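Here is how the chains run, residue by residue.
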Amino acid sequence: MGTRELIDEGRTAIGIEFGSTRIKAVMVDESGKPIAQGDFGWENQYVDGIWTYSLDMIWKGLQETYSALLADVKEKYGTVIRKTGAIGFSAMMHGYMAFDKEDKLLVPFRTWRNTITGEAAEALTAEFGFNIPQRWSIAHLHQAILNKEEHVKDIAFFTTLAGYIHWQMTGRKVLGIGDASGMFPIDSRTRDYNKDYMDKYDIILEKNGLPFRLENILPQVLPAGGDAGTLTAEGAARLDVSGNLEAGIPVCPPEGDAGTGMVATNSVAVRTGNVSAGTSIFAMVVMEKALSKVHPEIDVVTTPVGDDVAMVHCNNCTSDINAWARVFREYSEAMGIEVDTNKLYTTMFKAALGGAPDCGGLMGFNYFSGEPVTGFAEGRPVFARKINADFSFANFMRLHLFSAVSTLKVGLDILLREEDVKVDKLYGHGGFFKTPEVGQRIMSAATGGPITVMETAGEGGAWGMAILALYLTKVISGSEGDNSGASDESDGSLTLPDFLNNNIFAGESGSTITATVEEIKGFDEFMESFKAALPIERAAVETL
């Protein structure tokens, strides 16, 4: 059957992901191969001390992205999308979208990037004996309570960006378990919110005179393959302004970008892990057993099927590299030289391989926003060098690639060395790995082990979301029993790990790179200087 016929018969799946700087839609065929895509660039705004995206921009971005997907389908196959096997929505995890009983947004969307919940995060971590990072949704709620914000008493529902979009598309207030695990702690045994912690927090709500309990305002938790509803007529009309999309299409549980990254790299099984490196950077490892103690640098979330994952999340990665790319572009244009964007980034990244293993006496911090892992509520990008440093372009670029992953290494060292968490395979994906070899080699130097990049890794989270939607179609067509997608195979249902291994990644090994002993030693030496130089960043925050 030709691709046009597949599209016309709805034998496809669509994933749409809201990233930090781009919204992307991907349509896949029955084998998971991308056949069309569309995207839309956007940026967060810093308004009244809050990193946010407006509702108008959210809907404009969604509609423009879907329209771009339609245009790609029209150009390639000469047809329109009227139906699809399933569709799924994903977005940046965490953050805070609170609504009243009239479904009105009470305060502007507070994204994961905000580092304004330190007091709440510390108090909840102590209360639960479980690390609650600042970006988590429950930390945002608790900080609003501590701040005695007027809107809190009117909350009827709060969710993430992905949960909001799904709700508007289907009428269902649900959330994929991976995304839910960034709102409130999950019990991997029950694959639901941790009841003991919920009971503790309900006491806090009662003491503050609030009229609701957590179970009344949190979205329902669903694993991959779960019944999350179908596209309503209103949802279809809002998504597809051309009016061609039919209602009734199954919509899979909405997920966070961490979950779609795990799917996109086939790292949902125990002892696998991935590093997602773009605007932010995070590493995730599916654990065999619980951590020995609470670490503020590490939070525990879950895979899209509910298995525990140790996550090291850092707010900053490639933004400073992008800023320098703009400077180099402006310089080139001032010299009368037109520069291709891909060539510009490829040149910058490849230059880093020629630098000294320890960056030759250069130092820098890529902190556009705060970094809780190293104890910063705010950030200031900083570049510094020793008087006798080897100030070359190669070392300059190596420094910025090192800076992009250095804070992550602080957390990974705790996970891999102190906690002795075992990882058989560590996959890389995101813009940091786009230039062949460079990002892999730098990340391998940081982790001290091999880094694998799959051929499909460049497809990103939207592709991962499309694969979760495709998985739902297989669950619907293949079983009438328990389709939880959990790793327990006793009920005979198609599990997500099996689906990925046998249907999506069969025969794909990717490329694996391991840094040399000298490169690993150089990164370790750089890290000693990096940690010793943190007072420079502290002074920048205090004085700039």
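Above: the structure in question.
Reference entry: report on the structure contained in this document. (Residues numbered from 1 in each chain as written. Predicted model: local features only at pLDDT ≥ 70, side-chain atom pairs only at ≥ 80, totals over all residues. Heavy atoms only, no water.)

## Examining the sheet that holds strand β3 (residues 34-41)
Rule in force here: A pair of strands is labelled paired if DSSP reports no fewer than 2 bridges between them. Each helix corresponds to a stretch of at least 4 residues labelled H or I by DSSP, and each strand to a stretch of at least 2 residues labelled E; elements are numbered beginning at the N terminus. The contact criterion used throughout is that any non-hydrogen atoms of two residues lie within 4.5 Å. All axes are obtained by fitting lines to C-alpha atoms, using only the stretch in contact for helices, and the reported angles, taken between N-to-C directions, cover 0 to 180 degrees.
Pairing within the open sheet is mixed, and its five strands lie in the order β3-β2-β1-β6-β13. This sheet does not close on itself; its edge strands, each paired only once, are β3 and β13 (255-256). Of the strand pairs in this sheet, strand β1 (residues 13-18) and strand β6 (residues 86-91) are connected by six bridges, and their pairing is parallel. When the bridges of β6 are listed, I14 appears paired with I87. Running over the sheet, helix α15 (residues 460-478) touches β1, β2 (22-28), β3, β6 and β13 and is turned about 140° from β1.

## Considerations on the nonpolar core
Inside soluble globular proteins, nonpolar side chains tend to come together where they are buried. Filter applied, for reference: Nine residue types can take part in a nonpolar core, namely buried Ala, Val, Leu, Ile, Met, Phe, Trp, Tyr and Cys, and a core is a set of them joined through side-chain atoms within 4.5 Å. Accessible area is worked out with a 1.4 Å probe on protein chains only. A residue is then buried under 20% of its type maximum, exposed over 50%, and partly exposed in between.
Counting 133 residues, the largest nonpolar core has L141, Y201, L214, F432 and L496 as its most contacted members. Of the residues forming this core, the biggest block, 12 residues, is contributed by helix α13 (residues 393-418). Not counting residues up to four positions away in its chain, the partners in contact with Y201 are L124, F128, I138, L141, H142, I145 and L214. By size, the runner-up hydrophobic cluster in this structure holds 42 residues, among which are W59, L62, F109 and W167.

## What about the side chain of N114?
Worth spelling out the cut-off: Identification of polar contacts relies on pairs of N or O atoms within 3.5 Å, with a donor-acceptor requirement for protein atoms, meaning one able to donate a hydrogen and the other able to accept it, and with residues adjacent in sequence counted only if both atoms are side-chain atoms.
Summarising the element assignment, N114 is placed in the loop between β7 (97-99) and α3 (118-128). Classification of N114 as buried rests on a relative accessible area of 2%. A polar atom in the side chain of N114 sits 2.7 Å from the backbone nitrogen of W51. Those residues in contact with N114, other than ones at most four positions away along the chain, are G49, I50, W51 and H140.

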